[in-house]
Amino acid sequence: LLLAKMLMQGTTTRSAAQIASEIESVGGSLETYAGNNSLGLNAEVLRPDFDLGLDLLADVLRHPAFPADALERERQIQLAAIRAQKDELLPSAFKLMRRTLFGDLGYGLHTHGTEVSVQALRAEDLSQIHQRLLVPNNGVLAIYGDVEAATVRIAVEKKLAAWPRGPGAPKDLPPPATLTELKRARETRAKKQAVLVVGFPGTSLYAPDRYALELVQ
């Protein structure tokens, strides 16, 4: 999550204020997102401003500067969010259930990280993660709206053709531990409430059963 936030904090040619000013001057939006399975950017502009939107998206995606002052500011914001979560019983219970079910890998981890992990992150760490994950062979570019496909393709190839490939997401992660017995986990808070969460192993992101389960949900 910290990496996604830092993408908007300036590039090698634009400050965060310049990025915000340019996208807002055309009534557009440029936002980042991150979750357990992916991270990325969303840009929304009117048709006449497509070239500007593509230019800003490409710059933010490819050339983040990770300025030190912005990193410290975003670090403190994220640490505050982690601490605030401890007072929210339902999210805390879900986090505990997921750690118990999946362990200290994958879905057992929270997108905010922990106070220890967030405190330890440096700009160099974020840069290395960026170079490994935010590469063309590890992503999908989706463009939709009132545009001409052939024209858009030419613009995208012109802007991103020199984008080098990279390692991408690791392919050899160990599978989550198999649940062979009932597990119980418990945390206490100075609250007059109780939350009970029951979790079960489901299917993987790539299994065909995933779509049936989404319909059931």
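Everything in this summary refers to the structure shown in the same document.

**Some thoughts on the side chain of Gln 9**
Tracing the backbone through its elements, the reader meets Gln 9 in the loop between helix H1 (2–6) and helix H2 (16–24). Residue Gln 9 is classed as buried on the basis of its relative accessible area of 14%. Within the structure, Gln 9 has its side chain in polar contact with the side chain of Arg 73 (distance 2.9 Å). If we ignore the near neighbours within four places in the chain, the residues touching Gln 9 are Ala 16, Pro 67, Ala 70, Arg 73 and Glu 74.

**Overview of the packing of helix H3 (residues 50–62) against helix H8 (residues 149–160)**
Interaxial distance between H3 and H8 falls to 11 Å at its minimum, and their mutual angle equals 30°. Considering only the axes of H3 and H8, their crossing is right-handed. Here H3 contributes Phe 50, Asp 51, Leu 54, Asp 55, Ala 58 and Arg 62 to the contact with H8, which in turn contributes Val 152, Ala 155, Val 156, Lys 159 and Leu 160. Taken together, the residues of the contact of H3 with H8 sort by class into 7 nonpolar, no polar and 4 charged.

**A closer look at the pattern of salt bridges**
Applying the stated criterion across every chain, the model contains 13 salt bridges. Ionic pairing is found between Arg 14 and Glu 22, a salt bridge with its closest N-O pair at 2.8 Å. With a relative accessible area of 14%, Arg 14 lands in the buried category. Across the pair Arg 122 and Asp 125 runs a salt bridge, and its minimum N-O distance is 3.3 Å. Each of Arg 14, Glu 22, Asp 55, Asp 59 and Lys 159 takes part in one network of salt bridges that share partners.

**What about the environment of Glu 157?**
Structurally, Glu 157 can be placed in helix H8. Residues Glu 157 and Gly 108, 49 residues apart in the sequence, show an inter-C-alpha distance of 38 Å.

**Notes on the environment of Ala 43**
As for its position among the elements, Ala 43 is in strand S2 (residues 39–44). Using a relative accessible area of 38% as the deciding quantity, one classes Ala 43 as partly exposed. Considered as a pair, Ala 43 and Ala 120 are 77 residues apart in the sequence and their alpha carbons are 31 Å apart. Not counting chain neighbours up to four residues away, the residues in contact with Ala 43 comprise Ser 29, Leu 30, Gly 53 and Leu 57.

**With respect to the pairing of S2**
Here strand S1 (residues 29–34) pairs with S2 via 6 bridges, running antiparallel. Bridged to Leu 30 within S2 is Ala 43. Between S1 and the antiparallel strand that follows it, S2, lie 4 residues.

**Side note on a nonpolar patch on the surface**
Together, Leu 90, Phe 94 and Val 195 make up an exposed nonpolar region whose accessible area comes to about 250 Å². Here Val 195 shows up in the loop between H8 and helix H9 (209–216). Assessed through its relative accessible area of 37%, Val 195 is described here as partly exposed.

**Quick notes on the nonpolar core**
Core analysis: the largest hydrophobic core is formed by 26 residues, its most contacted members being Met 6, Leu 30, Leu 41, Val 60 and Leu 126. Among the secondary structure elements, those contributing two or more residues to this core are H1, H2, H3, helix H4 (68–85) and H8. Of all the elements, H3 adds the most residues to this core, at 7 residues. Those residues in contact with Leu 41 that lie beyond four places of it in its chain are Leu 7, Leu 30, Glu 31, Thr 32, Tyr 33, Leu 57, Val 60 and Leu 61.

Calculation notes
Residues numbered from 1 in each chain as written. Predicted model: local features only at pLDDT ≥ 70, side-chain atom pairs only at ≥ 80, totals over all residues. Heavy atoms only, no water. Helix = DSSP H or I, 4+ residues; strand = E, 2+ residues; numbered from the N terminus. Buried < 20%, exposed > 50% of the residue type's maximum accessible area, 1.4 Å probe, protein only. Polar contact = N/O pair within 3.5 Å; in protein donor to acceptor, adjacent residues only side chain to side chain. Contact = heavy atoms within 4.5 Å. Axes fitted to C-alpha atoms, helices over the stretch in contact; angles between N-to-C directions. Left-handed = near helix turned anticlockwise from the far one by under 90°. Nonpolar A, V, L, I, M, F, W, Y, C, P; charged D, E, K, R; others polar. Salt bridge = Lys/Arg side-chain N within 4 Å of Asp/Glu carboxyl O. Pairing = 2+ DSSP bridges. Patch = residues over 30% accessible without salt bridge, like charges linked within 9 Å, V, L, I, M, F, W, Y side chains within 5 Å. Areas by Shrake-Rupley, 256 points an atom, 1.4 Å probe, with all protein chains shown as cover. Core = buried A, V, L, I, M, F, W, Y, C linked by side-chain atoms within 4.5 Å.

These values are about where atoms sit, not about what they do.
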